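Breakdown of the fold
So the chains spell out like this:
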Amino acid sequence: MQQLTVFMDIESSRSYIDELYSPDATKVVEALVTLKNSVIGSNRQKSSVIQQGVVPRLLQLMSDEALDPNIRLEATITIGSLAKGTPENVATLVEQGTATALVELLRTVPIGTKLVEAGLCALRSVFLHPPAPIAALPADMRLLTRLTQIAREGTATARCCVVRILSVWCGGHMEQEALCQAGACAAIAAMLANGRNSAPPLARALPALELLANMCFENGNVSQVALNTRHGDKTIPELLMCLVSRDKPLPVALGAARCLTFIHRAGALTADDNRVVFGALPCLARLCTKEMPEEIRAKAAETLSYLAEVDTSLQRLAAISNHLMSSLADIVNCPSAAAKQGAFKCFASLGANDEDIRKRIIETHGLMKHIVSEMKNPEPSIRLAAVRCLHSLSRSVQQLRTTFQDHAVWKPLMQLLNDSPGTELLTVGSSTLCNLLLEFSPAKEPMLDQGAVEMLCNLTKRPEAALRLNGIWALMNMAFQAEQKVKQRILCCLGTEQMFRLLGDSDTRVIMKTLGLLRNLLSTRQHIDAIMSEYSSQVMQAVIVVLEGSYPAEVKEQALCILGNIGDGERARDFIMANEDVLRKLVDYLAHPESKLQEAALFVASNLVRCSEAGAAARQARLADLGVLRALKLLGARQDAAHLHDKVKTALAQFNGLT
């Protein structure tokens with residue numbers, strides 16, 4: 001029946017569609033008007049017309065500069081109507097070159113004509129259907145300057161269309177800079193300016209705010225230009241301050257607060273600027289309250305999380321603003337994914353640095369239960385936001401020992417990380433594991449039983465530096481004051497070959513944590529001797545590689561500290577004494593200009609020369625022959641090493657009468 005209906009549509013429209021190809025301009029206009037009227041408001045009719053292959057003819061009629069202007073206008077309006085159809089309709093239009101043809105039209109048609117307005121309306125409809133055909137609009141300065149001129153001087157409809165199109169197009173640094181250079185900030189300021197007694201209309205303000213937000217996001221240069229751009233006697237931030245007030249429509253207030261947030265985070269406004277403290281922050285906190293629509297609350301919470309993400313003063317101020325904690329707790333109960341995500345992310349930002357705020361968050365009624373349950377949510381964005389919140393709260397030593405243990409948060413987290421999550425979730429989740437595996441955390445033992453060692457060792461083999469770092473960092477935490485069987489399990493699972501690969505990593509932080517892992521493994525005299533008896537050649541080789549390589553001072557310091565730990569072993573120190581290259585390096589580092597390396601080398605020497613240990617005399621004699629005694633004396637005489645003189649004096653006192 002449906003096929004028959006479509007056939008009847010095609011037959012009934014065939015007569016005027018045929019007239020589109022007539023040499024008579026009057027007949028073409030009449031056919032276009034009839035076609036336009038037939039597709040208005042009917043997706044079924046739009047689909048039927050597109051299936052008949054009419055689009056190429058419409059594009060030809062629209063683009064031909066030799067044709068009657070009315071023909072071009074009616075063809076463009078019809079294309080715009082087709083672009084308001086289904087996503088499939090729009091995809092077909094884009095495949096047939098509609099977006100490119102519309103952009104070319106806007107290059108040449110005089111500004112202020114009805115044809116330009118129709119072309120902009122059609123292009124806006126095309127761009128509003130994801131994925132927008134961004135490539136059809138090149139970063140051509142003449143074209144962009146022309147479009148921003150329309151945004152300043154065109155009709156109300158044309159201005160709104162241009163800004164909406166550009167807000168979708170502006171998706172990266174190149175587009176941000178190009179629009180800024182083309183004068184988009186001035187056009188935005190003009191669209192945000194109030195009339196004599198009223199705010200700009202929603203249709204004008206919202207697309208302008210969206211474009212401004214997209215242009216300023218993580219772009220300091222554009223944000224600085226926006227900061228200084230004026231319309232009349234007001235700068236853009238002053239215009240935004242007018243729009244965040246309580247008497248403005250909620251979407252406008254939210255859009256203005258987002259712009260101020262992005263300008264701040266890009267570095268153009270400081271955290272203590274009145275426009276941030278008394279403009280963006282209280283507006284966003286107000287928009288999170290229960291009286292607001294869910295969509296507004298969701299976006300406000302997410303924006304507030306970004307505003308307060310890195311600044312402790314803003315986190316503290318937000319935490320006491322407008323009952324925000326209870327508002328966010330209520331948003332977590334909202335059904336939409338965007339609302340839950342926004343609330344969790346905001347909690348994560350608020351608790352990033354302040355222990356008192358973390359305590360207040362955790363004491364928020366039922367929040368930990370929500371976090372645990374939402375970590376199992378089928379929606380990836382909610383799972384990620386819940387883990388972000390957990391990661392922020394896991395920075396609290398007190399909560400790791402109490403609330404986290406009460407709710408056994410490690411169980412859903414381990415399950416989540418073992419289910420092949422995406423890279424972002426794996427990164428945040430493994431960061432949380434680093435905290436859960438600290439030596440005072442009660443979760444450490446059960447996580448070991450659930451295969452944490454194996455999972456973390458696998459992370460160190462990932463191509464992403466952040467995952468390698470988290471994997472080795474968590475292993476380092478796990479090894480701290482661990483039982484010998486745990487240390488042996490880590491070494492066996494990780495393997496010395498992988499350890500050497502990590503010591504050659506391109507990320508210095510990975511190298512530091514790998515050395516930190518070795519240092520924690522080689523602690524407690526009994527453990528040191530046991531590990532060195534099995535892995536001495538690999539450990540010594542790793543230390544030599546670092547000491548002889550072109551590593552930063554803090555990396556070499558870690559290597560020397562590992563030697564110091566080895567020197568504390570009853571039998572392990574013999575591996576140092578048997579390696580003349582290492583001992584000569586020790587002499588070099590005692591004389592190193594870097595204070596931290598002098599101190600680390602002194603730590604090694606002090607453990608090797610202790611006279612209370614068996615074989616001390618022989619070790620002291622050998623160290624003296626290789627220049628360690630002389631190096632200690634020189635270090636003790638250096639004025640720039642005065643803070644080490646007591647430790648040097650203690651080490652020298654260990655030598656039995658050697659001078």
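Residues numbered from 1 in each chain as written. Predicted model: local features only at pLDDT ≥ 70, side-chain atom pairs only at ≥ 80, totals over all residues. Heavy atoms only, no water.

The name given to the protein in an unreviewed UniProt entry is Armadillo repeat-containing protein 8, with the source organism recorded as Galleria mellonella.

In terms of regular secondary structure, the protein is built from 42 helices and two strands. Relative to a compact globule of 659 residues, whose C-alpha radius of gyration would be 26 Å, the protein shows 34 Å and is clearly more extended. On the principal axes, the C-alpha backbone points of the protein span a range of 115 × 55 × 50 Å. A buried classification covers 55% of the 659 residues belonging to the protein. For the protein, the share of sequence-separated contacts (at least 6 apart) that also reach a separation of at least 24 residues comes to 68%. (Helix = DSSP H or I, 4+ residues; strand = E, 2+ residues; numbered from the N terminus. Rg over C-alpha atoms; globule rule 2.2 N^0.38 Å. Buried < 20%, exposed > 50% of the residue type's maximum accessible area, 1.4 Å probe, protein only. Contact = heavy atoms within 4.5 Å.)

Every α-helix carries 3.6 residues per turn, so stepping three or four residues along brings you back to the same face. Residues of helix α22 (residues 355–363) that are buried: Ile 357, Arg 358, Ile 361 and Ile 362. Relative to the axis of α22, the buried residues are bounded by an arc of 135° and lie together on one face. In this structure, α22 carries Asp 356 and Glu 363 as exposed residues pointing more than 90 degrees from its buried face. A distance of 2.9 Å separates the backbone nitrogen of Asp 356 from a side-chain oxygen at the start of α22, and that oxygen is part of Asp 354. (Arc of directions from axis to C-beta. Polar contact = N/O pair within 3.5 Å; in protein donor to acceptor, adjacent residues only side chain to side chain.)

Once that is clear, we can look at the nonpolar core. Formed by 235 residues in total, the largest nonpolar core has its most connected members in Leu 120, Leu 147, Met 215, Leu 240, Leu 517, Leu 563 and Ile 566. Tallying contributions element by element places helix α35 (residues 525–548) first for this core, with eleven residues. Setting aside its immediate chain neighbours within four residues, Leu 120 contacts Leu 106, Leu 147, Ile 150, Ala 158, Cys 161, Val 162 and Ile 165. (Core = buried A, V, L, I, M, F, W, Y, C linked by side-chain atoms within 4.5 Å.)

Scanning the model with the defined rule gives three aromatic pairs in all. With a centroid separation of 5.6 Å and an interplanar angle of 85°, the aromatic rings of Phe 262 and Tyr 306 are classed as edge-to-face. Here Tyr 306 lies in helix α18 (residues 294–307) and Phe 262 lies in helix α16 (residues 250–265), a separation of 44 residues in the sequence. The two residues Phe 262 and Tyr 306 agree in class, both being buried. (Phe/Tyr/Trp six-rings, centres within 6.5 Å; stacked < 30°, edge-to-face > 60°.)

All right, on to the packing of helix α5 (residues 69–82) against helix α8 (residues 114–127) then. Relative to each other, α5 and α8 sit at 20°, their axes nearing to 8 Å. Overall, the two elements α5 and α8 adopt an arrangement that is roughly parallel. Of the two possible hands of crossing, α5 and α8 adopt the one that is left-handed. Each of Arg 72, Leu 73, Thr 76, Ile 77 and Gly 80 in α5 lies in contact with α8, whose residues at this interface are Lys 114, Leu 115, Ala 118, Gly 119, Ala 122 and Ser 125. (Axes fitted to C-alpha atoms, helices over the stretch in contact; angles between N-to-C directions. Parallel < 35°, antiparallel > 145°, perpendicular 65-115°, else oblique. Left-handed = near helix turned anticlockwise from the far one by under 90°.)

All right, on to the UniProt feature "repeat: ARM" (unreviewed entry) in the protein then. The positions that UniProt labels "repeat: ARM" (unreviewed entry) are, in the present scheme, residues 53–97. Along residues 53–97 the backbone is 71% helical and 0% strand, and the end-to-end C-alpha distance reaches 13 Å. (UniProt positions renumbered as here; feature names shortened; annotations may be inferred.)

Its location among the elements puts Leu 307 in helix α18. As a C-alpha pair, Leu 307 and Ala 530 span 223 residues in sequence and 51 Å in three-dimensional space. Residues within four places of Leu 307 in sequence aside, it is in contact with Thr 261, His 264, Arg 265, Val 276, Ala 280, Leu 281, Leu 284 and Leu 314.

Time to look at the pattern of salt bridges. Applying the stated criterion across every chain, the model contains 28 salt bridges. Close ionic contact of Arg 297 with Asp 330 constitutes a salt bridge, the shortest N to O distance being 3.0 Å. Highlighted residues: Arg 297 in helix α18 and Asp 330 in helix α20 (residues 324–332), separated in sequence by 33 residues. We classify Arg 297 as buried; its relative accessible area is 4%. (Salt bridge = Lys/Arg side-chain N within 4 Å of Asp/Glu carboxyl O.)

Scanning all chains against the criterion turns up zero disulfides. Cys 161 supplies the cysteine sulfur nearest to Cys 160, a cysteine that is in no disulfide, at a spacing of 7.1 Å. Note on Cys 434: no disulfide assigned, nearest cysteine sulfur contributed by Cys 457 at a separation of 13 Å. For Cys 434, a relative accessible area of 4% gives the class buried. (Disulfide = S-S within 2.5 Å.)

So, about the confidence of the model for the protein. Averaged over all residues, the pLDDT of the protein is 91; the fraction at 70 or higher stands at 96%. Scored below 50 in pLDDT, residues 1–11 makes seven contacts in the model with residues more than four places away or belonging to other chains. (pLDDT = per-residue confidence, 0-100.)

Let us now look at α18. Along its 14 residues, α18 runs 20 Å from first to last C-alpha, staying within 8% of the 20 Å computed at 1.5 Å per residue. A large share of α18 lies buried, amounting to ten of its 14 residues. Ile 296, Arg 297, Ala 298, Ala 300, Ala 301, Thr 303, Leu 304, Ser 305, Tyr 306 and Leu 307 are the residues of α18 that are buried. Looking at the packing, one finds that the buried side of α18 touches α16, α17 (274–287), α19 (312–319), α20 and α21 (337–350). (Expected span 1.5 Å × (residues − 1).)

Turning next to unusual backbone geometry. At the junction of Pro 130 and Pro 131, the peptide bond is cis and its omega measures out at -5° in the coordinates. Mapped onto the secondary structure, Pro 131 falls in the loop between α8 and α9 (141–153). Backbone geometry places Gln 481, a non-glycine residue, at a positive phi of 50°. When you line up the elements, Gln 481 lands in the loop between α31 (465–479) and α32 (484–494). On the basis of relative accessible area, Gln 481 is assigned to the exposed category, the value being 58%. Although it is not a glycine, Thr 524 adopts a positive phi angle of roughly 75°. You can see Thr 524 is positioned in the loop between α34 (508–521) and α35.

Moving on, we get to the side chain of Arg 258. Here Arg 258 shows up in helix α16. Among residues more than four places away in sequence, those in contact with Arg 258 are Glu 210, Ala 213, Lys 299 and Thr 303.

What follows concerns the side chain of Thr 514. In this fold, Thr 514 is placed in helix α34. The class of Thr 514 is buried, set by a relative accessible area of 0%. Of the polar contacts made by the side chain of Thr 514, one reaches the backbone oxygen of Val 510; its length is 2.7 Å. Sequence-distant contacts of Thr 514, that is, excluding residues within four places in its chain, are made with Ile 472, Met 499, Leu 502 and Leu 503.

Let's shift gears to the packing of α31 against α32. Packing of α31 against α32 leaves a shortest axis separation of 9 Å and a crossing angle of 155°. When the axis of α31 is compared with that of α32, the two are roughly antiparallel. Note that α31 runs across α32; the crossing there is left-handed. Residue-level contacts link Ile 472, Leu 475, Met 478 and Ala 479 of α31 to Val 486, Lys 487, Ile 490 and Leu 494 of α32. Each residue belonging to the contact of α31 with α32 can be placed in one class, and the counts come to seven nonpolar, no polar and one charged. (Nonpolar A, V, L, I, M, F, W, Y, C, P; charged D, E, K, R; others polar.)

This next bit is on the environment of Val 397. Mapped onto the fold, Val 397 is located in helix α25 (residues 397–401). Counting along the chain gives 42 residues from Val 397 to Glu 355, while the straight-line C-alpha distance between them is 9.1 Å.

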